[in-house]
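# Secondary and tertiary structure notes
Letter by letter, the chains look like this.
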Amino acid sequence: MCLAVPGRVMDIEERDGTRMATVDFGGVVKEVCLEYLPDLQVGEYAIVHVGFALQRLDEESARKTLELFAELGLLQEEFGDPWERVEGTGDPSGSDRADAPEEVQK
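Here is a short report on the structure shown in this document. Each chain carries its own residue numbering, running from 1 in the written order of its sequence. Under the rules for a predicted model, residues below a pLDDT of 70 receive no local features and side-chain atom pairs below 80 are neither given nor counted, while totals for whole chains, interfaces and linings still include all residues. To obtain the side-chain values, all non-hydrogen atoms of the structure were used and water was disregarded.

What follows covers the side chain of Thr22. By the element assignment, Thr22 lies in strand 2 (residues 18-25). In the analysis that follows, any N or O atom pair within 3.5 Å is treated as a polar contact, provided that within protein one partner can donate a hydrogen and the other can accept it, and provided that, for residues neighboring in sequence, both atoms belong to side chains. Side chain to side chain, Thr22 and Asp11 meet in a polar contact 2.9 Å long. Within the structure, the side chain of Thr22 is placed 3.0 Å from the side chain of Glu31, a separation counted as a polar contact. Discounting chain neighbours no more than four positions away, the residues touching Thr22 are Arg8, Val9, Met10, Asp11, Val29, Lys30 and Glu31. Here a helix means four or more residues in a row that DSSP labels H or I, a strand means two or more in a row labelled E, and each is numbered from the N terminus. Residue contacts follow a heavy-atom distance rule, with two residues in contact if any of their heavy atoms lie within 4.5 Å.

The next subject is the pattern of salt bridges. Salt bridges, as used here, are contacts in which a Lys or Arg side-chain nitrogen is within 4 Å of a carboxyl oxygen on Asp or Glu. Counted by the stated rule, this structure contains six salt bridges. Between Glu13 and Arg15 there is a salt bridge, and its shortest N-O distance comes to 2.7 Å. Relative accessible area decides the class of each residue, using a 1.4 Å probe on protein chains only: under 20% of the type maximum gives buried, over 50% gives exposed, and in between gives partly exposed. Of the residues examined, Glu13 reaches a relative accessible area of 38% and is grouped as partly exposed. On the accessibility criterion, Arg15 (31% relative accessible area) is partly exposed. The partner of Lys64 in a salt bridge is Glu60, with the nearest N and O atoms 2.9 Å apart. Taken together, the positions of Lys64 and Glu60, both in helix 1 (residues 59-72) and four residues apart, correspond to about one turn of that helix. Each of the two residues, Lys64 as well as Glu60, counts as exposed.

A word on the packing of aromatic side chains. Classification of ring pairs rests on two measures: the distance between centres of Phe, Tyr or Trp rings, Trp counted by its six-membered ring, which must be within 6.5 Å, and the angle between planes, read as stacked under 30 degrees, edge-to-face over 60 and tilted in between. One pass over the structure, following the stated rule, counts one aromatic pair. With a centroid separation of 5.4 Å and 40 degrees between ring planes, the pair formed by Tyr36 and Phe52 is classed as tilted. With Tyr36 in the loop between strand 3 (28-33) and strand 4 (45-49) and Phe52 in strand 5 (residues 52-57), the pair connects residues that are 16 residues apart, well separated along the chain. Given a relative accessible area of 54%, Tyr36 falls into the exposed group. The partly exposed category is assigned to Phe52, whose relative accessible area is 31%.

Structure follows, in structure tokens:
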């Protein structure tokens, strides 16, 4: 499932002509493209889908949504380890991923 998840902008920088942000999704940090919301600022919240910030969101709504997603287990489903889901293992050390592509092993 691909959710649109609210996240808080932690920092913003330009990379190769594209405005990018580091965004915190309730403890999970990802890089996000800000091209659809060029005026989004550090500390603000946005709804993010497939790596793109799509809509600004107030802090209270973002927090409530993140809490609900966490209660329902949707954050783990959305951001959890894909190898763990496929293999049905829970080894966070990555020792059971020797055959995973290099970018996944990191």
